[in-house]
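Secondary and tertiary structure notes
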Amino acid sequence: MSTLAEEIKELKKEKNAVILAHYYVNDDVQEIADYVGDSYYLAKVAVDLKESTIVFAGVKFMGESAKILNPEKTVLMPDEKADCPMAHMAEVERINQVRAEYDDVAVVCYINSTAELKMHSDVCVTSSNAMKIVKSLPNKNIYFIPDENLGRYIASKVPEKNFIFNDGYCHVHKAVTVDSVKRAKEAHPDAEVLIHPECTLDVLEYADYIGSTSGIIDYATASDKKEFIISTELGVLYQLKKNNPEKTFYSAGSVQICPNMKKVTLEKVRDCLRDRTGVVEVSDEKREKSLIPLKRMLELAK
């Protein structure tokens, strides 16, 4: 273990802290984290933590969600500028317009969103539980925000619902194209293609498996295949290789890197622990209102 990692370990004890890390952050940060997972897993974990301080190695909406679920705890972000562009790609004014246009509508908010958007929503979802939750809702009409691509994928699997889509997207997943997937498959014909549902529908048609980040990891680990083409952010390769050292993983041939996730470094994790910087603040009103769709998600996804 490096000197820096040892320093972080000692600071965790001193500060009564725990480190949560998303699969998309740098490998060395995942290595020193206490919990590594996707948005849904980390949201569940955050609820039951005993430590008084949470260091969230991820992007801003994740730290906000952790604070909303744990108002009595201190939540620290190693890099306060690590943000998710998609989290801002919906408007409260449009939500209100949709509510006025449709009598029986549920505003379904992808957890990859700001607290401001969550507080105007009926339920939150993640890529791993969105289908289950949408199917369970009594509402006929679903306004899915902010990610259009995940919304369209869920809509294709739940034809009994009427979806209203929002013009939002993850730039990493949208950059994966049919041509890039085809080229990767031609280069590695024996590899299975594993694709995240934030990719566009035309790309999803080439998938052997469609699923969340954790779903992709679980599928590859359980599969008898030895080669896989991965169509999501390449930070996931750390866990894939750790779980499957005998298997080979390829990218889908596009730039599958989230620059915001990569802003989180070991030095910044150390600094925020040592100096108590990057404190996440959420107003009481925002917390109370955005907690409702988050708690509903956790209940419906059981």
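What you are looking at is a predicted structure, and each value in this text was computed from that prediction instead of being measured. (Residues numbered from 1 in each chain as written. Predicted model: local features only at pLDDT ≥ 70, side-chain atom pairs only at ≥ 80, totals over all residues. Heavy atoms only, no water.)

Remarks on the overall build of the protein chain
When its secondary structure is counted, the protein chain shows 15 helices and 12 strands. If you line up the protein chain on its principal axes, its C-alpha atoms span 55 × 50 × 30 Å. Put simply, the protein chain has 302 residues, and 58% of those count as buried. Restricting the contact set of the protein chain to residue pairs at least 6 apart, pairs at least 24 apart contribute 61%. (Helix = DSSP H or I, 4+ residues; strand = E, 2+ residues; numbered from the N terminus. Buried < 20%, exposed > 50% of the residue type's maximum accessible area, 1.4 Å probe, protein only. Contact = heavy atoms within 4.5 Å.)

Notes on a negative patch on the surface
The grouping of D27, D28, E31 and E267 at the surface amounts to a negative patch. Take the negative patch: its biggest share by element is 3 residues, from helix α2 (residues 27-32). Within the element layout of this structure, D28 appears in helix α2. (Patch = residues over 30% accessible without salt bridge, like charges linked within 9 Å, V, L, I, M, F, W, Y side chains within 5 Å. Areas by Shrake-Rupley, 256 points an atom, 1.4 Å probe, with all protein chains shown as cover. Salt bridge = Lys/Arg side-chain N within 4 Å of Asp/Glu carboxyl O. Lys, Arg positive; Asp, Glu negative; His and termini not counted. Charge placed at Lys NZ, Arg CZ, Asp CG, Glu CD.)

Remarks on the environment of K73
Secondary-structure assignment places K73 in the loop between α4 (60-69) and β4 (74-76). Taking the C-alpha atoms as reference, K73 lies 16 Å from K60; in sequence the two are 13 residues apart. Not counting residues within four places of it along the chain, the set of residues in contact with K73 comprises L49, K50, E51, S52, I54 and K67. For K73, the side chain forms a polar contact with the main-chain oxygen of E51, separated by 2.6 Å. (Polar contact = N/O pair within 3.5 Å; in protein donor to acceptor, adjacent residues only side chain to side chain.)

Details of the nonpolar core
The nonpolar side chains of a soluble globular protein tend to be buried, and buried together. Counting 108 residues, the largest nonpolar core has L20, V108, I230 and M297 as the members making the most contacts within it. When residues of this core are assigned to their parent elements, the largest contribution, 6 residues, is made by strand β5 (residues 105-110). Each residue touching M297, except ones within four places of it in the same chain, is listed here: Y40, A43, I111, V123, C124, V125, T126, N129 and I133. (Core = buried A, V, L, I, M, F, W, Y, C linked by side-chain atoms within 4.5 Å.)

Description of empty space enclosed by the protein
Within the structure shown, the criterion is met by 2 cavities of 30 Å³ or more. Volume-wise, the largest cavity comes out at about 280 Å³. Lining the largest cavity are 27 residues, with Y24, N112, C170, E198 and M261 sitting closest to its centre. If you list the elements that add at least two residues to the lining of the largest cavity, you get α3 (39-47), α4 and α9 (171-174). By residue number, the principal contributor to the lining of the largest cavity is α9, which donates 3 residues. Residue composition of the lining of the largest cavity, grouped by class: 15 nonpolar, 9 polar and 3 charged. When its volume is computed, the second largest cavity comes out at roughly 80 Å³. Lining the second largest cavity, in full, are S39, L42, A43, A46, F56, F61, M62, S65, A66, L69 and I111. Residue composition of the lining of the second largest cavity, by class: 9 nonpolar, 2 polar and no charged. (1 Å grid on protein atoms, 1.4 Å probe; cavity = no way out; pocket = protein on both sides within 12 Å on 5 of 7 lines; lining within 4 Å. Points joined across faces, edges and corners; volume = space filled by probe spheres on them. Nonpolar A, V, L, I, M, F, W, Y, C, P; charged D, E, K, R; others polar.)

Focus: the packing of helix α1 (residues 3-15) against helix α14 (residues 266-275)
For the pair α1 and α14, interaxial distance at closest approach is 10 Å and the crossing angle is 25 degrees. The orientation of α1 relative to α14 falls into the category roughly parallel. Crossing handedness for the pair α1 and α14: left-handed. Contacts between α1 and α14 pair L4, E7, I8, L11, K12 and K15 from the former with L266, E267, V269, R270, L273 and R274 from the latter. Along the lines of polarity and charge, the residues of the contact of α1 with α14 split into 6 nonpolar, no polar and 6 charged. (Axes fitted to C-alpha atoms, helices over the stretch in contact; angles between N-to-C directions. Parallel < 35°, antiparallel > 145°, perpendicular 65-115°, else oblique. Left-handed = near helix turned anticlockwise from the far one by under 90°.)

Regarding the packing of aromatic side chains
Applying the stated rule across the entire model yields 3 aromatic pairs. When the centroid spacing of 4.6 Å and the interplanar angle of 15 degrees are considered together, the rings of Y209 and Y219 count as stacked. Taken together, the positions of Y209 in strand β10 (residues 209-210) and Y219 in helix α12 (residues 213-222) put the pair 10 residues apart, joining distant regions of the chain. By relative accessible area, which is 25% here, Y219 ends up partly exposed. Their ring planes at 20 degrees and their centres at 5.5 Å tell us that F228 and F249 sit as a pair that is stacked. Of this pair, F228 sits in strand β11 (residues 227-231) while F249 sits in strand β12 (residues 248-251); the two residues are 21 residues apart in sequence, bridging distant segments of the chain. Of the two residues, F228 and F249, neither departs from the other in class, the shared state being buried. Cation over ring: R94 sits above Y143, and NZ or CZ is 6.0 Å from the ring centre. The cationic tip of K174 hangs over the ring face of Y169; the distance from NZ or CZ to the ring centre is 4.1 Å. (Phe/Tyr/Trp six-rings, centres within 6.5 Å; stacked < 30°, edge-to-face > 60°. Lys NZ or Arg CZ within 6 Å of the ring centre and 35° of its normal.)

Digging into the sheet that holds β4
An order of β2-β1-β3-β4 is seen for the 4 strands of this open sheet, with the pairing classed as parallel. Edge positions in the sheet fall to β2 (35-37) and β4, since each of these pairs with one other strand and no more. Strand-to-strand twist of the sheet, defined as the mean angle between neighbouring strand axes without regard to direction, takes the value 20 degrees. Where strand β1 (residues 17-22) and strand β3 (residues 53-57) come together, 5 bridges link them in parallel fashion. Along β3, the bridge assignment pairs A21 with A57. α3 contacts β1, β2 and β3 of the sheet and is inclined by roughly 145 degrees relative to β2. (Pairing = 2+ DSSP bridges.)

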